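Single-letter residue listing:
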Amino acid sequence: ENIKNYTYLDNTSVTTTNEQGNSTYKNNVSVNQYSGNIQVLTAIWQQKLKAGIFHLDTEVAYQKSSKEDILPLPDLSAYANLYLKTKTSNDALRVELGADVRYFTKYAAPDYSPVIGQFYLQNPKNQIAIGGCPMVNVYANLHWKRTRIFLMMYNVNQTMGNSRYFLAPHYPISPRILKLGISWNFFD
């Protein structure tokens, strides 16, 4: 991919010093446009495997930006969903049990501003790298006649290894949480 005249939100930080002499940065955002070309190399591999009731859906993406300081991207991102899917002989109950995993390599991801609802580049003087931690979810779906019950445990591996799970700098993902839902269709 060749991107021309890329428009982005840049971080125009201002250094401030408090009474103790510590320097901090006040983040300001401005619209900038890169007049040159940015090349992005992307290679994606997808595979869906099935062996009886077992299924494995995977996707792996490699990407590289020629201007990481303007368009930062993780080098590698991966997704895998391993599940078993079965039903009773009369098709009254369908069951799906599984786990999915998401992963991306560490990189200086764009920061998020809730005030404007946009992502902008991090301050180059104090960048925070995110990624390098898998995020695992475990789930169960049951469909019986006109009723569907689902159960999902998000972020199962929260307390294992590095506990700093972020999808954007300064914005952690939700902690481990159990979700339960019931859907009942009154009509077919």
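Our subject is the structure listed above.
Cut-off values and rules
Residues numbered from 1 in each chain as written. Predicted model: local features only at pLDDT ≥ 70, side-chain atom pairs only at ≥ 80, totals over all residues. Heavy atoms only, no water. Patch = residues over 30% accessible without salt bridge, like charges linked within 9 Å, V, L, I, M, F, W, Y side chains within 5 Å. Areas by Shrake-Rupley, 256 points an atom, 1.4 Å probe, with all protein chains shown as cover. Salt bridge = Lys/Arg side-chain N within 4 Å of Asp/Glu carboxyl O. Helix = DSSP H or I, 4+ residues; strand = E, 2+ residues; numbered from the N terminus. Buried < 20%, exposed > 50% of the residue type's maximum accessible area, 1.4 Å probe, protein only. Contact = heavy atoms within 4.5 Å. Lys, Arg positive; Asp, Glu negative; His and termini not counted. Charge placed at Lys NZ, Arg CZ, Asp CG, Glu CD. Pairing = 2+ DSSP bridges. Core = buried A, V, L, I, M, F, W, Y, C linked by side-chain atoms within 4.5 Å.

Chemist: How do you make sense of a nonpolar patch on the surface when you look at a structure like this?
Modeler: Where nonpolar side chains cluster on the molecular surface, the patch consists of Leu142, Ile149, Leu151, Leu178, Leu180 and Ile182 and spans about 560 Å² of accessible area. Among the elements of the structure, β11 (147–154) and β14 (177–184) are those that each provide at least two residues to the nonpolar patch. Residue contributions to the nonpolar patch peak at 3 residues, all from β14. Note that Ile149 resides in strand β11. A relative accessible area of 34% means that Ile149 is categorised as partly exposed.

Chemist: What is the right way to read the environment of Leu178 from this model?
Modeler: Mapping Leu178 onto the fold places it in strand β14. Take Leu178: its relative accessible area is 52%, and that puts it in the exposed class. For the pair Leu178 and Val156, spaced 22 residues apart in the sequence, the C-alpha separation amounts to 9.3 Å. In this structure, Leu178 is in contact with Leu151, Met152 and Met153, ignoring residues within four places of it in sequence.

Chemist: How should the side chain of Ser113 be read in this particular structure?
Modeler: With respect to the helices and strands, the residue Ser113 is situated in strand β8 (residues 111–113). For Ser113, a relative accessible area of 12% translates into the label buried.

Chemist: Hey, could you run me through a positive patch on the surface in this one?
Modeler: A cluster of basic residues, Lys50, Lys85, Lys87 and Arg94, forms a positive patch at the surface. Among the structural elements, Lys87 can be located in strand β6 (residues 76–87).

Chemist: Help me out: how do you make sense of the pairing of strand β5 (residues 54–65) in this one?
Modeler: The side chains of a regular strand alternate between the sheet's two faces. Note that strand β4 (residues 29–51) and β5 share 12 bridges and pair antiparallel. In the sheet register, Ala51 faces β5, and the bridge partner there is Phe54. Between β4 and the antiparallel strand that follows it, β5, lie 2 residues; Gly52 among them carries a positive phi value of about 70°. Both β5 and β6 contribute to a ladder of 9 bridges, which runs antiparallel. Opposite Phe54, over in β6, you have Leu84 as the bridge partner.

Chemist: For this particular structure, what's the right way to read the nonpolar core?
Modeler: Note on soluble globular proteins: their nonpolar side chains tend to be buried together. Judged by nonpolar contacts, Phe104, Tyr107, Ala109, Ile130, Cys133, Met135, Tyr165, Phe166 and Ile173 together constitute the single largest core of 9 residues. When near neighbours in sequence (up to four residues on either side) are disregarded, Ile173 contacts Met135, Asn155, Tyr165, Phe166 and Leu167. Counting residues in each nonpolar core, the second largest holds 7 residues, with Tyr8, Leu71, Leu73 and Leu121 among its members.

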